[in-house]
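Listed here are the chains, written in short residue letters.
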Amino acid sequence: MFEKLRKKFAEIFRRNKIDPDEVADEIPLKLVEADVSLETAEDLASLVREKLRKESGSFDPDEVLSSSIKEIIGDSSLDILGVKKRPYVILFLGINGTGKTTTIGKVAHYLKKNGKSAVIAAADTFRAGAIEQISLIGREAGTEVIKHDRGSDPSSVAFDAIEHAKARNIDYVLIDTAGRMNTNRNLMDEMRKIKKVSKPDLTLLVIDAVSGQDSVNQARMFEENVGYDGVVVTKLDTDARGGSILSIYHDLKKPVVFVCVGQGLDDIMPFDRDWYIRKLLPESENRTVQE
């Protein structure tokens, strides 16, 4: 995502004197092209400008960029394995096509690998195909799925899954939900009802890296209408480097809890800031500059 930007930086850095304003002015356009919101891009540019003005002697332009990105992301993290409450209820939101249902299977698998038990609630009762899909994924992940018939009240499915978990001392309840459209008023009403009934300990919004800036718009819509605690970013195995993640942290102040980097059940990992910056700034030739 930053390759064109870094080439321009290298050109500027080869000169005898660094102009912080010239460097910073290159940032917003390149980042907006890479699906970072304008507000985020401008603030990142301001951070870079401030750091360059403070630098003396030799410095690495990549380090200036990465340290500025770290300031935007912060060092907060959310560890779902360390929770004490049982069952710990996680509600998943997201529009169709983001990989929400497969993400739930990956989270179930992740929990099982770490010695935890889980049950899945098939609360997307709008489509029979959704119930079948989550059932297949649950079977693959070795996780029981609580389901009702198509057209059933989604809240009742979530409620039954939670009661099932309580009766069997299961650690986690993972609730799948419908995702017809993020602008569908009936869908948002349905999500609010499920949330009210299930009283989730954690609500996660699933977005995909391919959607770029639209994923940020989806995130805003769900925050305004339903509310959520964190984000899961999928499809980071594609060419997309996840520029929208910066906007999620900066504009919405929401942590990224997991990222998905492939199609298999194992292709999920807790979000790691250093890993993400390495993805944004792949290893490159030494561009240390003598100011």
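Shown above is the structure to which this text applies.
I will try to describe carefully the structure that is included in this document. Keep in mind it's a predicted model, so treat the numbers as computed, not measured. (Residues numbered from 1 in each chain as written. Predicted model: local features only at pLDDT ≥ 70, side-chain atom pairs only at ≥ 80, totals over all residues. Heavy atoms only, no water.)

### A closer look at the packing of helix α6 (residues 100–113) against helix α7 (residues 128–141)
So, point 1. The interhelical angle for the contact between α6 and α7, taken along N-to-C directions, is 20 degrees, at an axis separation of 9 Å. On the basis of their axis angle, the class for α6 and α7 is roughly parallel. For the pair α6 and α7, the crossing hand works out as right-handed. Across the interface between the two elements, T101, T102, I104, G105, A108, H109 and K112 of α6 pack against Q133, I134, I137 and A141 of α7. (Axes fitted to C-alpha atoms, helices over the stretch in contact; angles between N-to-C directions. Helix = DSSP H or I, 4+ residues; strand = E, 2+ residues; numbered from the N terminus. Parallel < 35°, antiparallel > 145°, perpendicular 65-115°, else oblique. Left-handed = near helix turned anticlockwise from the far one by under 90°. Contact = heavy atoms within 4.5 Å.)

### Concerning the nonpolar core
So, point 1. I175 and V233 are the most contacted members of the largest nonpolar core, which has 57 residues in total.
So, point 2. In terms of residue count, the dominant contributor to this core is helix α4 (residues 38–54) (six residues).
So, point 3. When sequence neighbours within four positions are dropped, the list of residues in contact with I175 reads V89, I90, L91, F92, I104, A121, A123, A158, I194 and S198.
So, point 4. Residues A108, A118, L174 and V206 belong to the second largest nonpolar core, which totals 27 residues. (Core = buried A, V, L, I, M, F, W, Y, C linked by side-chain atoms within 4.5 Å. Buried < 20%, exposed > 50% of the residue type's maximum accessible area, 1.4 Å probe, protein only.)

### Digging into the pattern of salt bridges
So, point 1. Per the counting criterion, the structure on display carries twelve salt bridges.
So, point 2. Across the salt bridge formed by D171 and R86, the nearest N and O atoms sit 2.7 Å from each other. With a gap of 85 residues between them, D171 in the loop between α8 (154–168) and β5 (172–176) and R86 in the loop between α5 (61–73) and β2 (88–93) connect regions that are remote in the sequence.
So, point 3. Taking relative accessible area as the criterion, R86 reaches 46% and is therefore assigned partly exposed.
So, point 4. Note that D153 is salt-bridged to K193, the shortest N-O span being 3.3 Å. (Salt bridge = Lys/Arg side-chain N within 4 Å of Asp/Glu carboxyl O.)

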